[in-house]
Amino acid sequence: MSYPITASLLKMDLNPGKPPILYTETPDDVSAWADEHHRALRTLVAEHGSVLIRGLRLCDVDRAGTLLRRLAPAPMTDKEAVARRQTYTPGVYSSSAWPPNQPMCMHHELSYALQPPGLLLFACLTAPSTGGATAVADAATVLETLPTELVQRFEEEGWLLTRTYNDEIGAPYAEAFGTDDRRAIEDYCRTAAIDFDWQPDGSLRTRQRRPAVTVHPVTGRRCWFNQIAFLNEWTIEPEIREYLIDVYGAESLPFNTRFGGGDPIGPDVVQLLNDTYTAHTAREPWKAGDLMLVDNVRTAHSREAFQGPREVLVAMAEPLRPAECPPTAEVSAG
């Protein structure tokens, strides 16, 4: 299905199994294009949860970065990152460093932070030869599909994220918190309701309890909003999980998730969550030059395994305050 837009926005395709795709004439001045269409794009994201814009020819960092900063003039600083990122310009980052052959399953960016982004922006400079799509799934639909008993438990308890920072797997604590000053990190953790514990070897362990369900700040719809499956040990490939347990120990994995009360989350629950996401996934392969906007509360996103070079820039914007996006479970340190 498609319907015409106006001016340089040529048409928009709405097809089952794909995110909305908006086609545009290639602008000479991406700043002027962003100024002209910013409001229309936000309306489309509000209506559909995400939109992929094709035709902008975002072929280099300068052009893509200019557009991202114009659409998100106050980009967020990435804090508490799980994986390493390269900073191109303030607020514009590379995709998370994650093995190409390992998918990043559905999640909501920084849903474990007290102020997660409300808007995500992705710009594809180089598309992989195969795979690598940034797929999306509607969080309200996922919530409605999950078993009532499971949802009720997560609403009552929330979910617990445990992390053990090291220099080998994921983002080291100095990178995740933007400083290696222990006092500054401790102050941040206290403010962000994160329980912390420095280990004898100098590593840092943290625990934080967060809501699994939230209310969309605009629509009022309840959304499944978390990273329970993505950061759980049972989502990791079996041989990698065994290696990590052998090296770090079952209680000191780089990251893991539990029920909010502390009980382990079994592989059956993780499989159920991932299967539910899969049943409601929409995907479109990247083409070099594409731009994608995602409502981070309404829409989960993933990164599929890929082959060949892949360069996608990321910006995060419109941080949500608890009053704007009220949780359904108490937020606390672990």
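Before reading further, recall that the structure is shown in the block above.
Quick caveat, the model's predicted, so the values are computed rather than measured. (Residues numbered from 1 in each chain as written. Predicted model: local features only at pLDDT ≥ 70, side-chain atom pairs only at ≥ 80, totals over all residues. Heavy atoms only, no water.)

(A) Inspection of the overall build of the protein at higher detail. A tally of regular secondary structure across the protein gives eight helices and 22 strands. For a compact globule of 334 residues, the expected C-alpha radius of gyration is about 20 Å, and the protein comes in at 19 Å, within 12% of that figure. Taking all 334 residues of the protein together, the buried fraction comes to 53%. (Helix = DSSP H or I, 4+ residues; strand = E, 2+ residues; numbered from the N terminus. Rg over C-alpha atoms; globule rule 2.2 N^0.38 Å. Buried < 20%, exposed > 50% of the residue type's maximum accessible area, 1.4 Å probe, protein only.)

(B) Inspection of the state of the cysteines at higher detail. Counted under the stated rule, the structure contains zero disulfides. Here Cys 59 stays unpaired: no disulfide links it, and the sulfur of Cys 124, its closest cysteine neighbor, is 11 Å away. (Disulfide = S-S within 2.5 Å.)

(C) The arrangement of the nonpolar core in detail. Formed by 47 residues in total, the largest nonpolar core has its most connected members in Phe 122, Phe 154, Trp 224, Ile 228 and Leu 273. Broken down by element, this core gets its largest block of residues, four residues, from helix H8 (residues 267-279). Membership of the second largest hydrophobic core comes to 28 residues, among which are Leu 58, Leu 68, Leu 125 and Ala 315. (Core = buried A, V, L, I, M, F, W, Y, C linked by side-chain atoms within 4.5 Å.)

(D) Main features of the sheet that holds strand S7 (residues 104-107). Ordered by their spatial adjacency, four strands build an open sheet running S7-S19-S10-S17, and the pairing between neighbours is antiparallel. The open sheet has two edge strands with one neighbour each: S7 and strand S17 (281-282). Inspection of the sheet shows strand S10 (residues 136-138) paired to S17 by two bridges, in the antiparallel sense. Within the sheet, the bridge partner assigned to Ala 137 lies in S17 and is Thr 281. (Pairing = 2+ DSSP bridges.)

(E) Summary view of the pairing of strand S4 (residues 50-58). The buried fraction of S4 amounts to seven of the nine residues, a majority that puts the element mostly inside the structure. In this sheet, S4 lies alongside strand S3 (residues 21-24) in parallel orientation, the contact comprising three bridges. In the strand pairing of S4, Ile 21 is matched with Leu 52. Between the parallel pair S3 and S4, the chain is carried across by helix H1 (residues 30-48), and the sense of this crossover is right-handed. Here S4 pairs with strand S18 (residues 289-295) via five bridges, running antiparallel. Among the inter-strand pairings, Val 51 is bridged to a residue of S18, identified as Leu 293. (Right-handed = clockwise from strand over helix to strand, strands pointing away.)

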